[in-house]
Amino acid sequence: VYLIFCLPFLLLPVTCMTRGADLAEDGPLVLCPDCSQYRMSVFGTGVYASVSSVCGAAIHRGIFGRSGGTVRVHKLKGRHSYMSSYAHGVQSQALSHWTSSFSLSSRWSHWGGTKPNVCSDCQLDIAMVIDSSNNIGRRRFNLQKNFITKLAAMLKVGPTGPHVGLVQASGSPQTEFLLTNYTQPKELLFAIKEVAYLGGDTNTGKAIMHTAETFYTQENGGRRGHPRVMVVLIDGWPSDDLEQAAMLARESGINVFMVSVAKPAPEELGMVRDKDFVQKAVCKDNAHFSYSIPSWFSTTKHVKPLTQRLCSLDGLLCSKTCYNSVNIGFLIDGSSSIGDSNFRMMLDFLAGIARSFDISDIGARIGAVQFTYDQRLEFGLFDHPRKEDTINALRRISYMSGGTATGAGITYAIQNLFRRTGPGRNFLIIITDGQSYDDVQLPALEGQKKGITIFSVGVAWAPLEDLKAMASEPKEGHTFFTRDFIGLAEIVPAVVRGICRDFNDKN
Ligand SMILES: *[C@@H]1O[C@H](CO)[C@@H](O)[C@H](O)[C@H]1NC(C)=O
């Protein structure tokens, strides 16, 4: 019997400058942003004076790198001396006497540094997609129900813990209950018991598609910011194609796990439509997301290892998507040649782009700068953490009217918009209708060197050489042009796809 200590799942976003003393509670799991642009003060080694930057100390301790991560902070009493040392690229300073201190541990260290045990830290939204086909048959269907009952019990489903819903795969997928229908363990176990066998084809692809499309929405009880997991159980092999469905699930940030029980025997392989179905369906084709159980008659010993795998948050690589892990800056030409109504169309275009992303304080972030000869920060990446507010803020931008100094605009955007960013990749989308009076190439290169991917969108008189000079490589994929402002609306999907393509290439 294990004694498991669970701290509540509390993920506290902090800045690079947050000091240990700024944290009210003991033991929170804090989320540090990318701190590569900051100089942070750190005092001590192992035990840090509470004037130290928490994120700086975590980098010094080697818990994560400069690009950020999560760390648990433990408050300690003050000490008479703190030792200086150089570690992981951070120089910590010595200090004699301070009133309080803190130490750090990686998020799973209560389990001795190993993967987490089963615990209420596991705040997942889980869809169980079970096999209800002729293939499995009534008897093994019941064994499958036993298995997921044990799985649900071990997951410790609860109002603030993991939520579990259930979909049956057969000819057509059938949702039995949603994530929030049963959040008490007893009710859930009873509901699983009541699920009736359907029979029919094994259209697992259809079931994954159905689940990815409908299951995790807020109306259906999906919780914002909670990792999404789909556990697909399959006896034998699917009778339909999984590839499209799996792609949709991945793009939606869903971590698909395939649990195959009773794999096809060698003599059956000829009947299998796609032998690589497991590799195609999983979130990422590594050993983590596929799990094989030889027979329905010996599933018990697999309950715990599978639960641990599902609950290892670090393994849920597919929770980050191009829609929820990007910082996007808009650099908007406000020169006189555009005119008020065309300027509105430019804002509509940008609102169309913004609408595609999951904007929130834990998701994508959007900011905007308008430029003429002058520059104006319309709103920063951290100003509007809700999508509707971002779109309203875009619509409210008032037209400046003036000259066109795009190069100066780029420099200003890099310095002001991207000074501090959320986790994820950085993109700058430049929209202009004409020739710049200053050089655009050097400022754009500066931005690219800082890790900002630049898309240029030209309208009317915008010269193609300028657009290409600003855009990231490969130029063709990052340069867009339309003759008139009405044409902008059609470019929206291409720009969004471009952002997702860049995001996926680098991840
Ligand atoms: C689950 O909840 C939804 C919405 O809250 C409701 O419409 C549906 O009837 C519930 N289903 C069950 C099986 O209780």
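Predicted, not measured: the structure shown is a model, and the values here were computed from it. (Residues numbered from 1 in each chain as written. Predicted model: local features only at pLDDT ≥ 70, side-chain atom pairs only at ≥ 80, totals over all residues.)

The next point concerns the sheet that holds strand β19 (residues 452-459). Reading across from one edge, β17-β16-β15-β18-β19-β20 is the order of the 6 strands in this open sheet, with mixed pairing throughout. Only two strands of the sheet have a single neighbouring strand rather than two, namely β17 (375-379) and β20 (479-482). Each strand axis lies, on average, 20° off the axis of its neighbour in the sheet, ignoring direction. Alignment of strand β15 (residues 326-333) against strand β16 (residues 365-371), held across 7 bridges, turns out to be parallel. Residue isoleucine 328 lies in a different strand from β16, and its bridge partner there is isoleucine 366. Sitting on the sheet, helix α10 (residues 406-416) touches β15, β16, β17, β18 (425-432) and β19, and the angle it makes with β16 is about 145°. Across the sheet, helix α11 (residues 441-449) lies against β18 and β19, angled at about 145° from β19, the strand it touches most. (Pairing = 2+ DSSP bridges. Helix = DSSP H or I, 4+ residues; strand = E, 2+ residues; numbered from the N terminus. Axes fitted to C-alpha atoms, helices over the stretch in contact; angles between N-to-C directions. Contact = placed C-beta atoms within 7 Å.)

Moving on, we come to the environment of valine 459. Looking at the element boundaries, valine 459 is found in strand β19. For the pair formed by valine 459 and glycine 487, sequence separation is 28 residues and the distance between their alpha carbons is 8.6 Å. Discounting residues that sit within four places of it in the chain, valine 459 has contacts with Asp433, Thr482, Phe485 and Leu488.

Further remarks concern the domain arrangement of the chain. When the domains of the chain are assigned, the result is domain 1 (11-107), domain 2 (125-319) and domain 3 (326-506). For domain 1 versus domain 3, the separation of C-alpha centres amounts to 36 Å. (Domains from an automatic or database assignment.)

Helix α4 (residues 204-214) sits mainly inside the fold: 9 of its 11 residues count as buried. Residues of α4 that are buried include every one of Thr204, Gly205, Lys206, Ala207, Ile208, Met209, His210, Thr211 and Ala212, and no others. Residues of α4 that are buried in the fold lie against β9 (125-131), β10 (163-169), β12 (228-235), α5 (243-251), β13 (254-261) and α6 (277-281). (Buried ≥ 20, exposed ≤ 12 C-beta atoms within 10 Å, placed from the backbone.)

This brings us to unusual backbone geometry. For the bond running from glutamate 473 to proline 474, omega is -15°, close enough to zero to count as cis. Structurally, the position occupied by proline 474 is in the loop between α12 (464-470) and α13 (475-478). For alanine 262, which is not a glycine, the phi torsion comes out positive at approximately 55°. A positive phi is found at serine 401, a non-glycine position, where the angle reads about 70°. Along the polypeptide, serine 401 turns up in the loop between α9 (387-395) and α10.

Bridging between strand β4 (residues 47-49) and strand β8 (residues 95-105) involves 2 bridges; their strand directions are antiparallel. In the strand pairing of β8, alanine 49 is matched with serine 101. Sheet topology places strand β5 (residues 69-82) next to β8; 9 bridges connect them, and they run antiparallel. Bridged to lysine 77 within β8 is serine 100.

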